[in-house]
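Breakdown of the fold
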Amino acid sequence: MKISGFTIIKNAVLNDYPIVEAIRSILPVVDEMIILIGDSDDATLALMQSINDPKIKIHHSIWDKNLRTGGTVLAVETNKAFQLIDPESDWAFYIQGDEAVHEQYHDTIRKTCLQYKDDQRVEGLVFKYLHFYGTYDYVGDSRKWYDHEVRIIRNDKKINSYKDAQGFRVGERKLWVKPVDAYVYHYGWVKSPEQMMKKVKNFTKLWHSDEKLEEWMKSPDFWNYDEFDSLQKFTGTHPAVMHERIARQNWKVELDISKKKFSLKDSLLYYFEKWTGIRPFDFRNYRILK
């Protein structure tokens, strides 16, 4: 069995993406790692070269500035990276620049890939998610945060990245998947308030018109982390690759997680999920094979 990893990245230094940690977190699982670097304005290439692992294969791309609606350029670039994967690979492990996988799940991931390698009905594996917010001590626990997503897909080039590259489809059809008992840790909302706003403004360039971008540029130079509906304290451990970055945290954010900021409808759905473990009316970007 062969597994390829793949990712896309642009301006990793300017936006302080934990892309090095993301890549290192799956290197023990994969047999090759495709990194597609966009036309960056910083030292992203040098950062990727610094990982210095023989599994890594660096490629280059120019992002189409006309593909700004809904983050379409992210899916286009993800598809380019997927096409670069070794045709002999059975699976492709996609990791985004602000995600990481805990080493405690490596064996489970490889065993699950092996389990379904020859079952052609299985087009992908769906992971559970933890979304960190503000600092490394809090995770979002409301329906606002997607709780599962596909991150391993069969190396079938009919599969394509969908919309803003959150999930995958065959044409418009959702993939048939099996769950893997593993989490992806999402750190996209863990930065200093100043760096978070800087990233949001830069990311807006991939999504919206010049008018919307101009509106965002008038915003304060720091992100208000009080704008959350529900958080809970994280009591587990972080992936080992994240420990050095966590130790460098140089900001404090005080969050009162006792407060829940829901509409009546969202409050009912939130507590129903807490009591039953069921998330009704939730959008799924995939179909689970029974």
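So, here's what we can say about the structure. (Residues numbered from 1 in each chain as written. Predicted model: local features only at pLDDT ≥ 70, side-chain atom pairs only at ≥ 80, totals over all residues. Heavy atoms only, no water.)

1. A few points about the nonpolar core
In plain terms, the rule: Side-chain atoms within 4.5 Å are what join buried Ala, Val, Leu, Ile, Met, Phe, Trp, Tyr and Cys residues into a set we call a nonpolar core. Relative accessibility under 20% of the residue-type maximum defines a buried residue, over 50% an exposed one, and the middle range a partly exposed one, all with a 1.4 Å probe and only protein chains included. Numbering of helices and strands starts at the N terminus; helices are DSSP runs of H or I of at least 4 residues and strands are runs of E of at least 2. Note on contacts: a residue pair is in contact if any heavy atoms of the two residues lie within 4.5 Å.
Membership of the largest hydrophobic core comes to 58 residues, with the highest contact counts inside it found for Ile-23, Met-33, Met-48, Phe-93 and Ile-109. Per-element tally for this core: the top contributor is strand β6 (residues 124-133), with six residues. The contact partners of Ile-23, leaving out residues within four places of it in the chain, are Thr-7, Met-33, Ile-35, Met-48, Ile-51 and Ile-56. Judged by nonpolar contacts, the second largest core, of 23 residues, contains Ile-34, Ala-92, Ile-153 and Val-170.

2. Remarks on the pattern of salt bridges
Operational definition: Here, a salt bridge means any Lys or Arg side-chain nitrogen found within 4 Å of an Asp or Glu carboxyl oxygen.
All told, the structure shown has 20 salt bridges when counted by the stated rule. Across the pair Asp-141 and Lys-274 runs a salt bridge, and its minimum N-O distance is 3.3 Å. Note that Asp-141 is positioned in the loop between β7 (138-140) and β8 (148-154) and Lys-274 in helix α8 (residues 264-276), a separation of 133 residues in sequence. Ionic pairing is found between Glu-273 and Arg-279, a salt bridge with its closest N-O pair at 3.1 Å. On the basis of relative accessible area, Arg-279 is assigned to the buried category, the value being 13%. One salt-bridge network, held together by shared partners, links Asp-147, Glu-273, Arg-279, Asp-282 and Arg-284.

3. So, the pairing of strand β2 (residues 32-37)
Note the cut-off: Two strands form a pair only when DSSP identifies at least two bridges running between them. A clockwise path from the first strand over the helix to the second, with the strands pointing away from the viewer, defines a right-handed crossover.
Counting buried positions along β2 yields six of six residues, so the element is predominantly enclosed. Burial along β2 is two-sided: Glu-32, Ile-34 and Leu-36 and Met-33, Ile-35 and Ile-37, pointing in opposite directions, are all buried. The pairing of strand β1 (residues 3-9) with β2 spans six bridges and is classified as parallel. When the bridges of β2 are listed, Thr-7 appears paired with Ile-35. Between the parallel pair β1 and β2, the chain is carried across by helix α1 (residues 19-26), and the sense of this crossover is right-handed.

4. Quick notes on the pairing of strand β4 (residues 91-94)
Where burial is concerned, the two faces of β4 agree: the one with Trp-91 and Phe-93 and the one with Ala-92 and Tyr-94 are both buried. Bridge count between β1 and β4: four bridges; the pairing is parallel. Within β4, the residue paired with Phe-6 across the bridge is Tyr-94. Strand direction decides the pairing type here: β4 and β8, joined by three bridges, are antiparallel. Bridged to Phe-93 within β8 is Ile-152.

5. Looking at helix α4 (residues 106-116)
Here is the rule we go by: The arc in question is the one spanned by the directions pointing from the helix axis to the C-beta atoms.
Buried within α4 are the following residues: His-106, Ile-109, Thr-112, Cys-113 and Tyr-116. One side of α4 carries all its buried residues, which in axial view fall inside an arc of 135°. Projecting away from the buried face of α4 at angles above 90 degrees are the exposed residues Asp-107, Lys-111, Leu-114 and Gln-115.

6. Comments concerning α8
Rule in force here: Helix span is expected to be 1.5 Å times the residue number reduced by one.
Taking 1.5 Å per residue, 13 residues should reach 18 Å; α8 reaches 18 Å between its end C-alpha atoms and fits that length. Taken residue by residue, α8 has Leu-269, Tyr-270 and Glu-273 as its buried positions. In an axial view of α8, the angular spread of the buried residues amounts to 100°, which keeps them on one side of the axis. More than 90 degrees from the buried face of α8, the exposed residues found are Leu-264, Leu-268 and Trp-275. With its phi angle positive at about 80°, Gly-277 sits one or two positions after the end of α8.

7. Quick look at the packing of aromatic side chains
Aromatic rings in a pair are described by how distant their centres are and how their planes are angled relative to each other. Here is the rule we go by: Stacked, tilted and edge-to-face are the three classes assigned to paired rings of Phe, Tyr and Trp, where Trp is represented by its six-membered ring and a pair needs centres within 6.5 Å; plane angles under 30 degrees give stacked, over 60 edge-to-face, the rest tilted. Cation placement over rings: the criterion is NZ of Lys or CZ of Arg within 6 Å of the ring centroid and within 35° of the ring normal.
A complete count under the given rule lists 20 aromatic pairs for this structure. A ring pair is formed by Tyr-133 and Trp-145, whose centres lie 6.1 Å apart and whose planes are at 65°; its orientation type is edge-to-face. Here Tyr-133, found in strand β6, pairs with Trp-145, found in the loop between β7 and β8; they are 12 residues apart in sequence, far enough to count as distant. Of the two residues, Tyr-133 and Trp-145, neither departs from the other in class, the shared state being buried. Among the aromatic residues, ring-to-ring pairing joins Tyr-133, Trp-145, Trp-189, Trp-223, Tyr-225 and Phe-228 into one connected group. A cation sits over an aromatic face here: Arg-154 above Trp-91, 4.4 Å from the ring centre. Here the basic side chain of Lys-261 rests over the ring of Phe-228, its NZ or CZ set 4.2 Å away from the ring centre.

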